[in-house]
Structures are given as C-alpha cells and as structure tokens.
Amino acid sequence: MAFRKNWSKNLDNKTKLKLCLLANASDELNLKWANSFARRGHEVHIFSFDQIKDGVEIAKEIKFHHLVFPVKYPFTYLTFFQAQLSLMSLKPDIIHAINMSDYGILAGLVCRIGRLKPITLTAVGPDILYDAHTAHGWAIKHVLPLSKVVTCDTDEIALDMVKLGMKEDHIFLMSRSGELDLSRLEATYLAMRKTRS
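Now for a quick tour of the structure.

Rules of the game
- Residues numbered from 1 in each chain as written.
- Predicted model: local features only at pLDDT ≥ 70, side-chain atom pairs only at ≥ 80, totals over all residues.
- Heavy atoms only, no water.
- Buried < 20%, exposed > 50% of the residue type's maximum accessible area, 1.4 Å probe, protein only.
- Helix = DSSP H or I, 4+ residues; strand = E, 2+ residues; numbered from the N terminus.
- Arc of directions from axis to C-beta.
- Pairing = 2+ DSSP bridges.
- Right-handed = clockwise from strand over helix to strand, strands pointing away.
- Contact = heavy atoms within 4.5 Å.

**Observations regarding helix α7 (residues 155-163)**
Alright, step 1. Every buried residue of α7 is listed here: Ile 157, Ala 158, Asp 160 and Met 161. The buried residues of α7 occupy one face: seen down the axis, they fall within an arc of 160°. Projecting away from the buried face of α7 at angles above 90 degrees are the exposed residues Asp 155, Glu 156, Leu 159 and Lys 163.
Alright, step 2. Phi turns positive one or two residues past the end of α7, at Gly 165, with a value near 110°.

**Details of the pairing of strand β2 (residues 43-48)**
Alright, step 1. Counting buried residues in β2 gives five out of six residues, a clear majority hidden from the surface.
Alright, step 2. Looking at chain direction, strand β1 (residues 18-22) and β2 are connected through five bridges and run parallel. Within β2, the position partnered with Leu 19 by the bridge is Val 44.
Alright, step 3. Chirality of the crossover, the property in question, places the unit of β1, helix α2 (residues 28-39) and β2 among those that are right-handed.
Alright, step 4. As paired strands, β2 and strand β3 (residues 63-66) are joined by four bridges and run parallel to one another.

**Some remarks on the environment of Leu 173**
Alright, step 1. Tracing the chain through its elements places Leu 173 in strand β7 (residues 171-173).
Alright, step 2. When its relative accessible area of 37% is taken as the criterion, Leu 173 is described as partly exposed.
Alright, step 3. Along the backbone, Leu 173 and Val 150 are 23 residues apart, and their C-alpha atoms lie at a distance of 8.5 Å.
Alright, step 4. Apart from residues lying up to four places away in sequence, Leu 173 is in contact with Cys 152, Asp 153, Thr 154, Asp 155 and Arg 184.

Have a look at this one:
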C-alpha cells in the first residue's frame, strides 16, 4: 500500500490524467472508482446531480461538481449547458460516463455539441437492455459510436451493445470494483490520450 502512495505522487504529465467522471455520486461503487484513480495520482472530477451520501469518504484530491438540474429528459440540455462550461475550462483527458441512459446521453451531447473527447461509457446492470427499447433508445444508439470504449460487467450486456452497433473490440469487460480491471482501464485511458487528435 505504501508503494502505491509513493508511485502515485511521482506521476509525471505523461502518466497523470485529468479524468472527468459523469456519474451518480450517491453510488458507492462510482466513488470507489473515483477514489482508486485519485489514489493513483490522477486528477479526478465528478459531475453529478446526486450528492455524496453522508459518511461516505472520498479522497481530498477529488473535485465534486454538483449539477443543478436532473440528468434525465426534459432537463438534459440544461444540464449539458451547465456541465459544458466547467468541462471546457477543465479540458479533461478523458470523460467517462457511468450509466448509459442518463450520464451516457449527457456525455454524447458533450462530445457531439461541445466537441470534447474522447469519451468512454459504462453500462450499469440492465440499463442498456431496458432503455434501448424505450424513448432513450435512439439516444443510446447515437451515443455508442461516439465512444472510444464502452465498459460493462457481463457478456449479456456486451452482446446487446454489439446489437446496438458497438464494435466488439471497443467493449471492455470489467468489474467496477476490481483493482486489476481498473489498472487495465488506466492503461486504456493513457493510450486513448496519446492517440487523440
């Protein structure tokens, strides 16, 4: 554990990322993800409509940005304009949205209208299975091709994303709570930053 702390403090500009997480901050798994990247020495920003629950600890290096409006329709565009101002001033290396049907759609707007990229997305549980067949379906199908990488934790969800048009080699099967998987995702983030235009 001490080694990890020393390693994270010695990151240089080539290995240190500015990561913006668009995600529900009341979900402790999302915060575990954010904490893990902050402990590794990366600059982490969380954009969320939901507040962090009382008693839940986050690394002091994490910056929390409260979204005033809910992420879901019909407030999506208001939320986009608020998030966009902060994101443009931050100039993140990676924007990662967790949950396809709300924060994922917000990330799609940021990428398409705000021209900020690269973005990565995470499908959580059945959200993509259910929402792809609702009014959100058209938005999800539009957002998927904009993403460099989509993560999920089951083969079933991965297959559904392929059916929606995502390329198989862009799907990253991982557990949101697995440290080894987060290390692999970190390497993917760094490779994406090197190749972005």
